[in-house]
Amino acid sequence: MAEAHATEAVSAPCAMPALLQATLAPQFLQSSEASALFSHHGVPSCEDISMQALRENFVAHNKPVVLPQLLSVWQPVLSWDTDYLRGACAGRSIYVREADESGCSHFNGEYTEKKVLFSEYLATVCRAIDERLPCRQYGAQIQATAAPRRYHAPFVRRDLPELFADTRPEPEAVEALGARWSGAPAIYIGAGNHTPLHFDVFENLLCIVRGRKRVRLWHPAHSHLLSSGQGCFSDSAVAGDLAGRQRVECPIDELAVQVDMTDGDALYLPCGWWHDVASPAGKLSVSLSYWARPSPAKQGGLTKEEDLY
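Remember, it's a predicted structure, so these values are computed and weren't measured experimentally.

**Re the overall build of the protein chain**
Of the regular secondary structure elements, the protein chain holds 9 helices and 15 strands. Across the 309 residues that make up the protein chain, the buried fraction comes to 56%. For the protein chain, the proportion of contacts with a sequence separation of at least 24, taken over those separated by at least 6, is 82%. Carbon and sulfur atoms make up 50% of the accessible area of the protein chain, which totals about 12,800 Å².

Now the structure itself:
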């Protein structure tokens, strides 16, 4: 079951990254919104929420919500262990990120990637699980190395099509997000991996298929503590950020809300929210992300799909 925790937020004037200003309309970047949401109640947790209620109460207001056990009887949750994945897609290949000994796979604003057989990658993950160490590779979103600078991810339909039938029907909550990004859902597979602090220009329904994830979130209004104003990754380190960068002298981790998720849980992660994500070593972690384009009412300056990364 997902649990959400929070500490009190501080209101302050914000210096927004240009990409964030282009992603969200000004009313979603205000510190008053952060103060209102970051109460001691943390991220709301709603069971049996209707698609209409999700859209009107959370997506329209760009506010996160945990959907505990929304996916408890979904086929990927019921069947996707390493044996099933290996048997279904043994001959496929995917791109993976190289990771350091802490499991972090983002270095100096770049990803280092390689293409591997899916069966070989699963063997690497299983060895890391047996050794209870963070995996030194991560099957996750990759930054394109050639211009134009685009991002891509292992998409189930394109890269592991044998698994796509298991995702149908897709979670009804996906419809509340709006027009989906082409190729969704993206699949993330690892063990003990960590993605450092960043924001996305997409809406995201994060679906936990296997294992546990800890997600910490910061409101867009806290960008003045998190970023120099360039790109979507933070240049500030926070407590628990395994990238090992120098800490800034401000209580930024006290402004976070934390969500702890397990198999079958989902999280609506609004566009523009800063977050870092980690899974524990020694356990398989599989998740799917259904990305969607922000509605016109929420958008800043982004007007074309190709602007999304």
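Now, onward.
**Quick word on the pattern of salt bridges**
Throughout the structure, instances matching the rule amount to 10 salt bridges. Of the charged contacts in the structure, one is a salt bridge between Asp-159 and Arg-158, with a shortest N-O distance of 2.8 Å. We classify Arg-158 as partly exposed; its relative accessible area is 47%. The partner of Asp-263 in a salt bridge is Arg-210, and the shortest N-O contact between them spans 4.0 Å. Separated by 53 residues along the polypeptide, Asp-263 in the loop between strand S12 (257-261) and strand S13 (266-269) and Arg-210 in strand S10 (residues 203-210) bring together distant segments of the chain.

**Points about the sheet that holds strand S4 (residues 113-117)**
Judged by pairing direction, the sheet is antiparallel, and its 3 strands sit side by side in the order S4-S3-S5 without closing on themselves. The open sheet has two edge strands with one neighbour each: S4 and strand S5 (137-138). For strand S3 (residues 93-98) and S5, the ladder comprises 2 bridges, and the chain directions are antiparallel. When the sheet's bridge partners are listed, Glu-98 is paired in S5 with Gln-137. Along the sheet face, helix H6 (residues 118-131) touches S3, S4 and S5 and points at about 105° away from the line of S4.

**Remarks on the environment of Ser-45**
Among the secondary structure elements, Ser-45 is positioned in the loop between helix H2 (31-37) and helix H3 (51-59). Put simply, Ser-45 and Val-66 are 21 residues apart on the chain and 4.5 Å apart in space, counted from C-alpha to C-alpha. Apart from the residues within four sequence positions on either side, Ser-45 is in contact with Val-66 and Pro-68.

**Some points on the nonpolar core**
Among the nonpolar cores identified, the biggest contains 67 residues, and Ile-187, Ile-189 and Leu-205 are the most heavily contacted of them. Per-element accounting of this core gives the leading share, 6 residues, to H6. Leave out the neighbours within four places in its chain, and Leu-205 touches Leu-67, Pro-171, Ala-173, Val-174, Leu-177, Ala-266, Leu-267, Tyr-268, Leu-288, Ser-289 and Tyr-290. The next biggest cluster of nonpolar side chains, apart from the first, holds 13 residues, and it includes Val-66, Val-215, Val-259 and Leu-267.

**Some remarks on the confidence of the model for the protein chain**
Detailed reading of predicted coordinates is not advised where the pLDDT is low. When pLDDT is averaged along the protein chain, the result is 81, and 75% of the positions lie at 70 or above. Per-residue pLDDT stays below 50 along residues 144-149; that stretch engages in 8 contacts with residues further than four places along the chain or on separate chains. Segment residues 238-250: pLDDT under 50, and 32 contacts once partners within four positions in sequence are set aside and those in other chains are kept.

**Some details on H6**
Here H6 is 14 residues long and its end C-alpha atoms lie 20 Å apart, about the 20 Å a rise of 1.5 Å per residue gives. For H6, the full list of buried residues reads Phe-118, Tyr-121, Leu-122, Thr-124, Val-125, Cys-126, Ala-128 and Ile-129. As for H6, its buried residues are in contact with helix H5 (82-89), S3, S4, S5 and strand S8 (186-190). Residue Arg-132 follows H6 closely and has a positive phi angle near 55°.

**Some details on the pairing of S13**
Along S13, one buried face is formed by Ala-266 and Tyr-268 and the opposite face, lined by Leu-267 and Leu-269, is buried too. Summarising the sheet, strand S2 (residues 65-67) and S13 pair through 3 bridges and their orientation is antiparallel. Across the sheet, the residue bridging to Val-66 is Leu-267, located in S13. Direction of pairing for S10 relative to S13: antiparallel, over a ladder of 4 bridges. Bridging from a neighbouring strand, Cys-207 pairs with Ala-266 of S13.

**Describing the packing of aromatic side chains**
Considering all chains together, one arrives at 8 aromatic pairs under this definition. Geometrically, the ring pair formed by Tyr-138 and Tyr-188 is tilted, given 6.4 Å between the ring centres and 45° between the ring planes. Of this pair, Tyr-138 sits in strand S5 while Tyr-188 is found in strand S8, placing the two residues 50 residues apart along the sequence. Tyr-188 shares its class with Tyr-138; the two are buried. On the numbers, 6.2 Å between centres and 85° between planes, the contact of Phe-155 with Trp-291 is edge-to-face. Taken as a pair, Phe-155 in the loop between strand S7 (151-152) and helix H7 (156-159) and Trp-291 in strand S15 (residues 285-292) lie far apart in primary sequence, 136 residues in all. Residue Phe-155 is classed as buried on the basis of its relative accessible area, which comes to 5%.

The rules behind these values
Residues numbered from 1 in each chain as written. Predicted model: local features only at pLDDT ≥ 70, side-chain atom pairs only at ≥ 80, totals over all residues. Heavy atoms only, no water. Helix = DSSP H or I, 4+ residues; strand = E, 2+ residues; numbered from the N terminus. Buried < 20%, exposed > 50% of the residue type's maximum accessible area, 1.4 Å probe, protein only. Contact = heavy atoms within 4.5 Å. Areas by Shrake-Rupley, 256 points an atom, 1.4 Å probe, with all protein chains shown as cover. Salt bridge = Lys/Arg side-chain N within 4 Å of Asp/Glu carboxyl O. Pairing = 2+ DSSP bridges. Axes fitted to C-alpha atoms, helices over the stretch in contact; angles between N-to-C directions. Core = buried A, V, L, I, M, F, W, Y, C linked by side-chain atoms within 4.5 Å. pLDDT = per-residue confidence, 0-100. Expected span 1.5 Å × (residues − 1). Phe/Tyr/Trp six-rings, centres within 6.5 Å; stacked < 30°, edge-to-face > 60°.

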